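# Notes for the structure review
Below, each chain spelled out in residue letters.
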Amino acid sequence: MTQAIPPITLPPSENPYLEGKWLQERLLRWLDAEFIPETVNHKIAQRAAQIFVRQRMEGENDLGSLVIAIVTEMQAFDFSKSFYGEFAIANAVSDLLLESLGIDKCCGQ
């Protein structure tokens, strides 16, 4: 019988703005490294970080819920000048957060 994957919970945020700054910088580096550096990458990283900070300020600690919030809210972002979309951004945020927690993004360990 298969077991459900347990949720991943971030520690409560002590400084959501600092977390947001970290996420914005890391996400921008990831965006620029994946394809080519684009001007729009700054706006993408900034918007994703804003969503993340607001969610954390509201007390959201569940990684899955944070990813869903980013996907949902990034749907309103104009990705027409980018190689990316809302799912790629949310997945990248998830990977960066897992990495920061020392969790292998491949296998959840």
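Note that the structure is a prediction, hence the values are computed from the model and not measured.

### What about the packing of helix α1 (residues 16-34) against helix α4 (residues 86-101)?
Following both chains from N to C, one finds α1 and α4 inclined at 115°, their axes separated by 10 Å at the closest point. Judged by the sense of rotation from one axis to the other, the crossing of α1 with α4 is right-handed. From α1, Trp 22, Leu 23, Arg 26, Leu 27, Trp 30 and Leu 31 reach across to α4, where they touch Ala 88, Ile 89, Ala 92, Val 93, Leu 96, Leu 97, Glu 99 and Ser 100. When the residues that make up the contact of α1 with α4 are grouped by side-chain class, the tally is 11 nonpolar, 1 polar and 2 charged.

### Here we look at the packing of aromatic side chains
Considering all chains together, one arrives at 4 aromatic pairs under this definition. Following the ring pairs from residue to residue traces out a cluster consisting of Trp 30, Phe 35, Phe 83 and Tyr 84.

### Brief notes about the packing of α1 against helix α2 (residues 40-57)
Packing of α1 against α2 leaves a shortest axis separation of 8 Å and a crossing angle of 150°. Between α1 and α2, the angle falls in the class roughly antiparallel. In the packing of α1 onto α2, the handedness of the crossing is right-handed. Between α1 and α2, the contacting residues are Pro 16, Tyr 17, Glu 19, Gly 20, Leu 23, Gln 24, Leu 27, Leu 28, Leu 31 and Asp 32 on the first element and Asn 41, His 42, Ile 44, Ala 45, Gln 46, Ala 48, Ala 49, Phe 52, Val 53, Arg 56 and Met 57 on the second. In terms of residue class, the contact of α1 with α2 is built from 13 nonpolar, 5 polar and 3 charged.

### What about the pattern of salt bridges?
Within the structure shown, the criterion is met by 6 salt bridges. Across the pair Arg 47 and Glu 73 runs a salt bridge whose closest N-O atoms are separated by 3.3 Å. Here Arg 47 is found in helix α2, whereas its partner Glu 73 is found in helix α3 (residues 63-74), with 26 residues between them in sequence. Through salt bridges with shared partners, a single ionic network connects Arg 47, Arg 54, Glu 58 and Glu 73.

About the cut-offs
- Residues numbered from 1 in each chain as written.
- Predicted model: local features only at pLDDT ≥ 70, side-chain atom pairs only at ≥ 80, totals over all residues.
- Heavy atoms only, no water.
- Axes fitted to C-alpha atoms, helices over the stretch in contact; angles between N-to-C directions.
- Helix = DSSP H or I, 4+ residues; strand = E, 2+ residues; numbered from the N terminus.
- Left-handed = near helix turned anticlockwise from the far one by under 90°.
- Contact = heavy atoms within 4.5 Å.
- Nonpolar A, V, L, I, M, F, W, Y, C, P; charged D, E, K, R; others polar.
- Phe/Tyr/Trp six-rings, centres within 6.5 Å; stacked < 30°, edge-to-face > 60°.
- Parallel < 35°, antiparallel > 145°, perpendicular 65-115°, else oblique.
- Salt bridge = Lys/Arg side-chain N within 4 Å of Asp/Glu carboxyl O.

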